[in-house]
Each structure stands twice: as C-alpha cells, then as structure tokens.
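Summary of structural features
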Amino acid sequence: MGDHDTVRVRLRAALRAADPWTALYVLNTDRPDGLAEAVEELYRSDADRGGFRPYLAWFLGGLGETGDEVLLRLFAEPVLTADDRQDLLKAAVARGLRLPAELLRLYAGEGPASGGSDARADAPPAPELVDAMGLSGDASFAPRLGALLEIPAVRCRAALALGRLGARAWTAPIAGRLSEVTGLDHTAFAVALELMGDPAAVPYLLRRLVESGDEQVYDVHHALVRLTGRDPLLPERVNGAAYAAAVRAAWADGRTERAPAVVRDLVVESGARARFSVDGGAGRIRVAFDPPSPGSSWPRWNRSLTFDGKPLYRVGSLCDTCELGLTLLDWPGDEAIRIAARMRGRLAGLDRLDAALLAEWTPVLGELETGHYQALLLDLPLERVSEPARSWWYRRAVARAQEDGDDSDHGDDSENADASESGDDGAEDHWPGVSHFQLAAPVPGGRVPFTYGALLPSQPLEALDPATVARHSAAIGAGERPAAVVLGWIDDRYVEARHEERWLVGAVLDGHHRLAAYVAAGVPARVLLLARVGGGAGADASLEGLTEVAAAYGCRH
C-alpha cells in the first residue's frame, strides 16, 4: 500500500472512530504528508462527503496553509451544493481567509446558501457570509453590509465587517447607532469604530459617553483611547459606578489631543519596592486586545503583548476560568532594544531603589501604557527551560490532573513530553513556543496554592553571545549583581472553576545575557520588575500577588 493509500486509510479510520473529533485531533498532531489532499479527495466523493462533511470542513481549517489551499479550491467548485459551501465558508472564515468576491456574490445569490436549505427568501444572509464580505477587501460589499446594520440578527457582524473593510463612509451610521444597541452588540459597534480608525467617530463617542449607561462606558472609553491616542490616567481601584464617573470626568473637557507622558505619584516604600503612575503613557509596550476573530461571538477576547502595535506574545483571554497560555508570535524590532538599553547605566550594580533612580528613568517609563505600577527589586531563583515537559505551563496541567485523581493522561512531569495516544494534550500543547526562564519552584507562602512564575524573552536565547554570558558570570561570581529589567503582571485564574492558580508573568525588556549568566552561576537573578496593577476588581489580586512575590524574593541589601 502506497503512502497516499496509507494516509487515506488512516483518515477514514479517524472519521469512523467512536469519537471522530479526538481521533482527527490525534491524526493532525502527527500530520502525515498528503493529509490535506486526502481530505480533498474524500470531500469530492459524494458518498464520503455525505457521511463526513461536518468533520472534513472543520478538519481542513486546522491543517494550516495546505488546508487553506484546499478550502479555496473546494469553495470554487461549481458542482458542490450550497450546504457544502456553507460548511467550507465557515471553515474559511474561521481561518481568516480572503475569498474571491465573485464567489461570495455567487454564494449570496443562492437562496438556500445564505442560511441553509430551509432559509426564507427574505431572511438575512448567513453570519459567515457577512464575515467573509468583511474579509474580502472588496469595498463594493459596503452598501449591502450597511443595510444589515438595521437587522438585529447580523448587525454586529455587519458593523465589524465594515470596520475590517475600512469603509469610512459608514463611520457615522455605526457611531450614531451606539445608543440603539446594548451588550455584545454595543461592544461590537465600538470595536468596529476602532477597526475603522476614523477620527470622525470621536465626537459621537464623546456624546455617547455622557448619555450611556455605566455598563457601556468601558467600550466608549476604549474606543476613544484607540482613536485619539490620548490615554488619561484613572484612579487605581475603582469599578462600577465609580469607574464610569472617573472616565466621564477624564473626557469631560472634550480634550482629545495626546499630551506628553507624565510619571507621577512616585513613592519609594523600601529599597526593594516603589510605586508610581504613568499618565498619558505612550503605550508602545502594552497588553492590548487583538482584532476580533472572524466568526467569534466575542468582539473582545484574545490579547497580545505588543510593541508599537506589533504582537510579540499572545496572552489569551480575560476569562478567569480559562487557562493562562502565552505563545510567541514574533520578535520586536531593534527599537525595543534601544529603549530598554536607556536604563542600562544604573543596572550594573543595582542594590536598592530610590526616587532619583526612577526619576532618571522617567523617559523610558513614559513609553509604558497608562496605569499604576509597582517596581520590585527581586532576587529570583531562576532556571532556563527549553523542554516543554519541564515548563510550568505543562507541569501545572500534570498537577491538576493528579489533584483530580486522574493522572492517566500525563506521565512524570520531567520525562513525559508527549500525550498518550488517546488524543490528550501533550507538553507541546502548553508550551509558549520559546526557551525562557522560570521560577525554579512555585512562590512560597502565598494564599493561592500554586503561584508559578515565567519570564519570556524578547530575543531568542539561542542567539545570546556566549562570551558576554561568560563575562557576566565571572562578575556575578565576584559578587556583582547586575540587574535585568522585566515588564510583568500578576494573573489570577480559577481554571474550570476548580483549580485556583496564580502566575507572575514577565517579558524581559533588557538583560537576557545577565539572566543567562545568573542561571549558569546558580545564583538568584537580580531583577527589576515593573508590574502594572490591574484596574477595577483585578487590582486587589494584583497587589496581593506582588506583595507575596516581594515577601519571598525582595532584595535584602
């Protein structure tokens, strides 16, 4: 039996398994050559498509670029039925693919294709068609999408599609309807204006801020910050009505121009801890919401750590019952390194924090996002981890499985890097995709049973200069304590509403060679942690977590 036949047999076996979804996941994990072509062959078979269509279209969406090519070919196939193309369109939208406009018009002209075989002639188009129009890049769809703003079933998707197209003629109609929508529709309309990037929305948003209910203020404020670049400082620990009042007060004078960043309220609490606030921060380094995923019902969901708008690490959602997972997306440009290096002079032997030091760094601190910060000078016992199974990202999953009395899916956390053949996640599924530094053990003495720590690099550790690492190692061996600078935060989770865990997460801004040298020397690493304290309800957990970290690892000199 040839390789092609073998792949086809394995694919059919997965589709006929008792649990096809899991079996297909396992097959995709192995992903033999020719898998996408085998799926296409089955999809073109009437018998196989009839029995396996939902699985095949979904599976193609997970096969990467080769699956994308097949999706585009099949969608253009004239002999397929409208329902077939609807499944393919859903998969293509989930992948964010740009489909040819003429094919979308053909799809839109097929009555059943707009919403299934039972769709009425006067029914709105299927949601995936609305999403696909927005992804097409073809501005000729804008009038049809604009008309859909009147239809509650698809209006939020239509607004987002117009935003993706950058159809600024529809800025005012979208902004003017903010008073007519609530809940996720209101969020979608605000996000659509952000995607549009049109300053013409600002007067509407300012008026909306005065008129809106308290629960809608966040959306309007977020859109104003994105569209004007002005990011006013709000009180540290407010939520609900107090938060809404603070936002309205910040914009009450109608000022929208961005002023120079100001670092204020600097208080040195000890040689190892200080706090300060950044007002009007440039936000060049920040955690920001990603553009909404096409087809998702949540206009704001995933976030990324960004530099100058370029995503570096995917941070995941704010959902506190979901797992925290970071994934490397790209490395920053040289400008990020130059900014961080402006702090380097005083880092050579940093043994205490003082007001003069932080004032000297004001130009760099002003590059951060507006907010309230804690500065902690820490001595962190770090290890460098390059194997997925050794990272806390995977070992925490092992610990949870054992806590639940179900360790069948995970072997010893130091040796089992692969999941069992039953299809359960392996170590690589929890891995951020990059060698990094992590705390050698969970933070001791905390309220939360497990507080893990991970410091993610902003340049590949494999590219570090061995001579520079050796030079720092020698200096550390002689008693010097050069510091690295890390931008971090505390992240609290209650995973699946069963497992409470806390993370100290950081991105290394400067000092990769120094951290590598500390690990090589077996000495706790001197780290200046700049941690943004979460707003609203998250502030208390952030402060509690940082207090526990400071108590365990605060510099004693």
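Before reading on, note that the structure itself is shown above.
These remarks concern the structure in this document. (Residues numbered from 1 in each chain as written. Predicted model: local features only at pLDDT ≥ 70, side-chain atom pairs only at ≥ 80, totals over all residues. Heavy atoms only, no water.)

What follows deals with the sheet that holds strand β4 (residues 303-307). Read across the open sheet, the 4 strands follow the order β3-β4-β5-β6; overall the sheet is antiparallel. Whereas interior strands pair on both sides, the edge strands pair on one side only; in this sheet they are β3 (285-289) and β6 (327-328). Bridge count between β3 and β4: 5 bridges; the pairing is antiparallel. By the bridge assignment, Arg-286 is partnered in β4 with Thr-306. (Pairing = 2+ DSSP bridges. Helix = DSSP H or I, 4+ residues; strand = E, 2+ residues; numbered from the N terminus.)

Looking at where Arg-400 falls in the secondary structure, it is placed in helix α19 (residues 392-403). Apart from the residues lying within four places of it in its own chain, the contact partners of Arg-400 are Glu-323, Val-495, His-499 and Glu-501. (Contact = heavy atoms within 4.5 Å.)

Our next topic: the sheet that holds strand β9 (residues 436-439). Read from one edge to the other, the open sheet built from 9 strands follows the order β1-β2-β7-β13-β11-β12-β10-β9-β8, with strand pairing classed as mixed. Because the sheet does not close on itself, it has two edges, and the strands there are β1 (262-270) and β8 (382-385). Along the sheet, successive strands turn relative to each other by an average axial angle of 30°, direction set aside. Pairing geometry for β1 and strand β2 (residues 273-279), over 6 bridges, is antiparallel. Paired with Val-268 across the bridge in β2 is Ala-274. (Axes fitted to C-alpha atoms, helices over the stretch in contact; angles between N-to-C directions.)

For the coordinates displayed, the defined rule picks out 45 salt bridges. Between Arg-255 and Asp-253 there is a salt bridge; the shortest N-O distance is 3.7 Å. The class for Arg-255 is partly exposed, based on a relative accessible area of 31%. Note on Asp-253: relative accessible area 53%, which makes it exposed. Arg-400 is paired through a salt bridge with Glu-501; the nearest N and O atoms lie 3.0 Å apart. Remark: Glu-501 occurs in strand β12 (residues 499-510) and Arg-400 occurs in helix α19; sequence separation between them is 101 residues. (Salt bridge = Lys/Arg side-chain N within 4 Å of Asp/Glu carboxyl O. Buried < 20%, exposed > 50% of the residue type's maximum accessible area, 1.4 Å probe, protein only.)

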